[in-house]
Amino acid sequence: MGGIAGHAGPASPELIQELSARLKHRGEFEARDTRGAFALAERRRTAGSAVACSADGRVLCVMDGHLFNRDEIRGLLSDAPAGASDAALVAELLARHGSEIFERLDGAFGLAAIVDDTLHVVRDPLGEKPLYFAPSIAGTLLFASEIKAFLAHPAFVVEADPSALSRLLVYSFIPGRRTAFRGVQELEPGCRLELRAGETEPRVVRYWELSERISDASEDELREQMRTLLFEAVKRRLPAEGPVTAFLSGGGDSSAVVAIMSELGRPPLCLSCSFGYGQPNELLYATMVSVEHELEHQVFDVHPEQFLDELPRIMWALDDPLCDCITVPNYLLAREASRHSSVVFNGEGGDPLFGGPKNKFMILGEWYGYLGNYDRTTAYLASYHKFFDYIGDLYTPEFLESSGGVSALTEHVRETLESSRFDSYLNRLMHVNIRLKGGQNILVKVDKMLTPNGVEAQSPLFDRRLAEHSFTVPAGLKRKGDVEKYLFKRAVDDLLPHPVVYRKKAGMGVPLNHWFRKTPLRRYAREILGSARARERGLFQQAFVDNLLAGELPLGHIGRDRTGELLWMILAVELWHRVYVDGAHPT
């Protein structure tokens, strides 16, 4: 766990110190250095040396995270000291081979390097570590692991980006380069930023991309390859020593990770959550896994009385207002995990990487779309089951106009869904889900919820080599009949009880409808969303919000009752405005 920050262009000598100080929760210790118009800072959990520098002095490098292929990289540098840090290895590689080395790096990292007169800012291929940049704040480029660091610059003023907020309300996160902060961009997974001294416009390029290379290997051969990669992905993330914990939901993905950890001789303490008596959960299956592998298993109840006072602090930790309600259980479980270990494993990534069930309805649309007025992109947006179908009912006319309307929502998705790079439509869906849901939602959420609690997330299923292998697997082995993630399940089914692997996916069902109707969250939401402050923002039509607060489904709604999910999103947007736009930063 750590963090990085820096700037390029005119700035006071104190700015790099202030940027770094805003990230102190990511690491108690720091290192800083400057070169010409560039400045770098790194936060660390342990005391260390100065900013990494190449032997010839041409390269400075800071890094948040670590390399998984460290041995391979060391092999390219036969004279590298045995104890060289990952940042030092990257600095030396850059000095000898230039920026083409970035595509050879495999790990969970955000890094920045000054090479002669050029700044490089780089995010790992799948997006395990977040990175953001503001291209021009009073003529200065800022970058950091978290947006809140930019508050250190006296000219940085928080303004909401209406187009980004609209995307948030459709996806529950903000896909693409935009953020909720006007003028701030997310460096997307697999991308790097480059800026030469004296230039004012940074260049962002994609250095890594998934591609489809379908293998002609047999099913059994592909199964063994995937199993080997799964074990290696977990092994490469295990700390050299000390206890480890894992979040165990009872689903197949987290259960597989826990089982592999046990098989590798590092049995974790398993942490699960429930939502009180009578609320659905997967604890039966989590217990089956812990018993099968003789693991210590602790279960914690989560209820609104625990977290209402924490919501502003959670929003502060997130930077961008992710509206996935699972953020709260993640935050509370991370707090508990910090009492036992500094590393927490999870099962995030199984659905995007291996062909999960959420692709099913899009595939059905492809099959039967000719029967109606089917549009692939709008169907994808509607598949999130958020506000896409209710934009005209929720948004005020002013917000609708300033956000760019529906066309602004479709432009960044249509190209990928229509891409000819993938022959398999399932692979197109997986590609957009890995890039958007993975690197800009799931992995960001995990990092932001664990870091404030002093623990580092390990997400072995979001692994570069696993992702690349998945795009060699024929679509018929990802979904076989009505069995989703078929090959993945075959790769782990001997490690887990049969019902855990082959039951229908349920997911962690946070009981939002119950909470908004029967618990203190009801009064809390009414006070916040009915306040004059919320009304004066001019974002939402109050009658629509009031109907949701009364438990009334939107007109024309089809399917299960999602009023709680919709209210949670609106509440998150208002809390974000209070914390960041209004400046009510929690202490």
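Structure: above.
Residues numbered from 1 in each chain as written. Predicted model: local features only at pLDDT ≥ 70, side-chain atom pairs only at ≥ 80, totals over all residues. Heavy atoms only, no water.

### Some details on helix α4 (residues 162-171)
By the criterion of burial, α4 is predominantly enclosed, with 10 of the 10 residues buried. Three or more residues of α4 are buried, namely Pro162, Ser163, Ala164, Leu165, Ser166, Arg167, Leu168, Leu169, Val170 and Tyr171. Its side-chain oxygen at 3.0 Å from the backbone nitrogen of Ser163, Asp161 defines the N-terminal cap of α4. Count one or two residues on from α4 and you reach Ser172, which has phi positive near 85°. (Buried < 20%, exposed > 50% of the residue type's maximum accessible area, 1.4 Å probe, protein only. Helix = DSSP H or I, 4+ residues; strand = E, 2+ residues; numbered from the N terminus. Polar contact = N/O pair within 3.5 Å; in protein donor to acceptor, adjacent residues only side chain to side chain.)

### Quick notes on the packing of helix α22 (residues 521-529) against helix α25 (residues 563-581)
At a minimum axis separation of 10 Å, α22 and α25 run at an interaxial angle of 55°. On the basis of the axis angle, α22 is oblique to α25. Regarding α22 and α25, the two cross each other, and that crossing is left-handed. For the pair α22 and α25, the contacting residues are Leu521, Tyr524, Ile528 and Leu529 in the first and Leu567, Trp568, Ile570, Leu571, Glu574, Leu575 and Arg578 in the second. (Axes fitted to C-alpha atoms, helices over the stretch in contact; angles between N-to-C directions. Parallel < 35°, antiparallel > 145°, perpendicular 65-115°, else oblique. Left-handed = near helix turned anticlockwise from the far one by under 90°. Contact = heavy atoms within 4.5 Å.)

### With respect to helix α24 (residues 542-549)
All of the buried residues along α24 are Gln542, Phe544, Val545, Leu548 and Leu549. End-on view of α24: buried residues confined to an arc of 160°, all on one side of the axis. Those residues of α24 that are buried lie in contact with α14 (391-394), α22, α23 (532-536) and α25. Backbone geometry just after α24 places Gly551 at a positive phi near 85°. (Arc of directions from axis to C-beta.)

### Focus: the packing of helix α10 (residues 327-337) against helix α17 (residues 425-450)
Here α10 crosses α17 at 40°, and the two axes come no closer than 8 Å. Classed by the angle they form, the pair α10 and α17 counts as oblique. For the crossing formed where α10 meets α17, the hand is right-handed. The segment α10 lies against α17, with Thr327, Asn330, Tyr331 and Ala334 engaging Lys445, Met449 and Leu450.

### Focus: the pairing of strand β6 (residues 107-115)
Among the 9 residues in β6, 9 count as buried, and that is most of the element. Burial along β6 is two-sided: the face carrying Gly107, Phe109, Leu111, Ala113 and Val115 and the face carrying Ala108, Gly110, Ala112 and Ile114 are both buried. Pairing of strand β5 (residues 59-67) with β6 involves 9 bridges; the strand directions are antiparallel. The residue of β6 that forms the bridge with Val59 is Val115. As defined by bridge partners, β6 adjoins strand β7 (residues 118-123) across 6 bridges and the pair is classed as antiparallel. (Pairing = 2+ DSSP bridges.)

### Quick word on unusual backbone geometry
Glycine aside, residues mostly have negative phi angles, and peptide bonds mostly take the trans form. If you check the backbone angles, Asp319 has positive phi at about 65° while not being a glycine. Its place among the elements puts Asp319 in the loop between α9 (311-318) and α10. Given the relative accessible area of 0%, Asp319 is considered buried. Positioned with a positive phi, His385 is a non-glycine residue whose angle comes to about 55°. Here His385 is to be found in the loop between α13 (376-382) and α14. Accessibility expressed as a relative area gives 39% for His385, which makes it partly exposed.

### Quick word on the sheet that holds strand β4 (residues 52-53)
Taken together, the 6 strands give an open sheet; going across it, the order is β4-β5-β6-β7-β11-β12, and neighbouring strands pair in antiparallel fashion. The sheet is open, and its two edges are formed by β4 and β12 (203-206), each paired on a single side.

### Considerations on the pairing of strand β8 (residues 132-137)
Burial analysis of β8 places 5 of its 6 residues in the buried class, the great majority of the element. Two elements, β8 and strand β9 (residues 140-144), share 4 bridges in a ladder whose sense is antiparallel. Within β9, the residue paired with Ala134 across the bridge is Leu142. Hairpin connection of β8 to β9: 2 residues between the antiparallel strands, including Ala138 at a positive phi of 55°.

### Here we look at a nonpolar patch on the surface
Residues Trp367, Tyr368 and Leu371 make up a contiguous nonpolar surface patch of roughly 410 Å² in combined accessible area. With respect to the secondary-structure elements, Leu371 resides in the loop between α12 (360-368) and α13. You can call Leu371 exposed: its relative accessible area is 63%. (Patch = residues over 30% accessible without salt bridge, like charges linked within 9 Å, V, L, I, M, F, W, Y side chains within 5 Å. Areas by Shrake-Rupley, 256 points an atom, 1.4 Å probe, with all protein chains shown as cover. Salt bridge = Lys/Arg side-chain N within 4 Å of Asp/Glu carboxyl O.)

### Here's the deal with the side chain of Lys478
Inspection of the secondary structure puts Lys478 in the loop between α18 (464-470) and β18 (479-480). In this structure Lys478 is buried but unpaired, with Glu212 as the nearest side chain of opposite charge at 6.4 Å. A distance of 3.4 Å separates a polar side-chain atom of Lys478 from the backbone oxygen of Val473. Leave out the neighbours within four places in its chain, and Lys478 touches Phe354, Gly355, Leu426, Asn427, Met430, Ser470, Phe471, Val473, Val483, Glu484, Lys485 and Tyr486. (Lys, Arg positive; Asp, Glu negative; His and termini not counted.)

### Focus on the pattern of salt bridges
Scanning the model with the defined rule gives 58 salt bridges in all. Close ionic contact of Arg70 with Asp86 constitutes a salt bridge, the shortest N to O distance being 2.7 Å. Here Arg70 is found in helix α2 (residues 70-75), whereas its partner Asp86 is found in helix α3 (residues 86-97), with 16 residues between them in sequence. According to the relative accessible area criterion, Asp86 is buried, its value standing at 13%. Residues Glu209 and Arg206 are paired through a salt bridge, measuring 3.8 Å at the closest nitrogen-oxygen approach.

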